Amino acid sequence: MNISSKELKKMTRNQLSGKYGTFIGINVLYILITLVSSNLMDLVLGTSSILNPLTATSATVETLGISHTVVYYLSTFILSLILSVLDIGLLKTALDTARGYDIRFQDLFFGFKHHPDRAILAQGVILLLTYLCILPGGTLCICGYRQKSVTLLLAGAAVLCVGLVIYLILSLMFSQTMFFLTDYIDIEAIQALKESVRIMRGKKGKLFYLQLSFIGIYLLGAIACGIGLLWVIPYMQVTMANFYRKITGEV
């Protein structure tokens, strides 16, 4: 199947005409809910958002204690699972926009009304696979940093690079899972994962190219203190919805 990213983007621009305001409002509401949830978790646990996989160091762990740090990351994992149900709402908004339907703010909570456990299970599987890809290399890098071992750091960097490549392939394979869960409210999580793997055979490169094509406009949107992203993100989301519609034969 010949999937043109230019065609998908042109289709998206036409579909978003007159709907940008509502779509932006829904995304802002999603961001606010995410930020409030994250800050509440930080408040309850007595930690801060500085504790994340990109900035955490051995000093952080020693300061807060291993058990406290484990609880934090476990809570973050659980929060990510819960928020994944909101992702279903965003995808419904994108699909409805692509199909010419009216979109409403309450659509953001669509996933909570239709078997939210499916989204949580699917997201849990994807997150666990992500951790399995990154954890070995990350652990080696942390050990190398703590022991001041260049050999361990280099080994960790190499393993991490391999893990990131595997993660990229897996993320493309499972990229349509949430779309299936949104489109078919009775499909089970594991079946949605399998359907995504099936339908993405031979199309992973096309999706990767489509994702890369947004880098320029995304950076432009980020330059103006991120304000431009309010327009860029809906554009990307609906384009991905059109990609799903295209590969499933809907259009």
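Residues numbered from 1 in each chain as written. Predicted model: local features only at pLDDT ≥ 70, side-chain atom pairs only at ≥ 80, totals over all residues. Heavy atoms only, no water.

> Even after reading the chapter, I still don't get the overall build of the protein chain, so can you show me in this structure?
Scanning the protein chain from N- to C-terminus turns up 12 helices and zero strands. Moving toward the C terminus, one meets the helices and strands of the protein chain in the order α-α-α-α-α-α-α-α-α-α-α-α. Long-range pairs, those at least 24 residues apart, make up 72% of the contacts in the protein chain with a sequence separation of at least 6. Here the protein chain displays about 13,700 Å² of accessible surface, and carbon together with sulfur accounts for 69% of that area. (Helix = DSSP H or I, 4+ residues; strand = E, 2+ residues; numbered from the N terminus. Contact = heavy atoms within 4.5 Å. Areas by Shrake-Rupley, 256 points an atom, 1.4 Å probe, with all protein chains shown as cover.)

> I'm lost on the packing of aromatic side chains in this one. Help?
The relative placement of two aromatic rings is captured by the distance of their centres and the angle of their planes. Applying the stated criterion across every chain, the model contains five aromatic pairs. Ring centres of Phe-179 and Tyr-244 lie 5.1 Å apart, and the angle between their planes is 15 degrees; on these two criteria the pair is classed as stacked. With a gap of 65 residues between them, Phe-179 in helix H8 (residues 177-183) and Tyr-244 in helix H12 (residues 229-247) connect regions that are remote in the sequence. Three or more aromatic residues link up through ring pairs in this structure, and these residues are Phe-179, Phe-180, Tyr-184 and Tyr-244. (Phe/Tyr/Trp six-rings, centres within 6.5 Å; stacked < 30°, edge-to-face > 60°.)

> I tried to follow the environment of Cys-161 on my own but got confused; where do I start?
When you line up the elements, Cys-161 lands in helix H7 (residues 150-173). Placed 24 residues apart in sequence, Cys-161 and Gly-137 show a C-alpha to C-alpha distance of 7.8 Å.

> Teacher, can you tell me more about the pattern of salt bridges here?
Pairing between side chains of opposite charge can happen when their charged atoms approach one another. The final tally for this structure, using the stated rule, is seven salt bridges. A salt bridge links Arg-99 to Asp-183; the nearest nitrogen and oxygen atoms lie 2.8 Å apart. Taken together, the residues span a long stretch of sequence, with Arg-99 in the loop between helix H4 (66-98) and helix H5 (110-113) and Asp-183 in helix H8 at a distance of 84 residues. What makes Arg-99 partly exposed here is its relative accessible area of 23%. Owing to a relative accessible area of 24%, Asp-183 belongs among the partly exposed residues under this scheme. Glu-250 serves as the salt-bridge partner of Arg-245, at 2.9 Å between the closest nitrogen and oxygen. Relative accessible area serves as the criterion here: at 36%, Glu-250 is assigned to the partly exposed category. (Salt bridge = Lys/Arg side-chain N within 4 Å of Asp/Glu carboxyl O. Buried < 20%, exposed > 50% of the residue type's maximum accessible area, 1.4 Å probe, protein only.)

> What exactly am I supposed to notice about the confidence of the model for the protein chain here?
Caution is warranted with low-pLDDT regions, since their predicted coordinates should not be read in detail. For the protein chain, per-residue confidence averages 87 on the pLDDT scale, and 89% of positions sit at 70 or higher. Of all secondary-structure elements in the protein chain, the lowest mean pLDDT belongs to helix H3 (residues 58-64), at 48, while helix H9 (residues 189-199) reaches the highest, 97. (pLDDT = per-residue confidence, 0-100.)

> Which parts of the structure should I look at to understand the side chain of Thr-239?
Within the secondary structure, Thr-239 is located in helix H12. Dropping the residues within four chain positions of it, Thr-239 is found in contact with Leu-8, Lys-9, Thr-12, Leu-210 and Phe-214.

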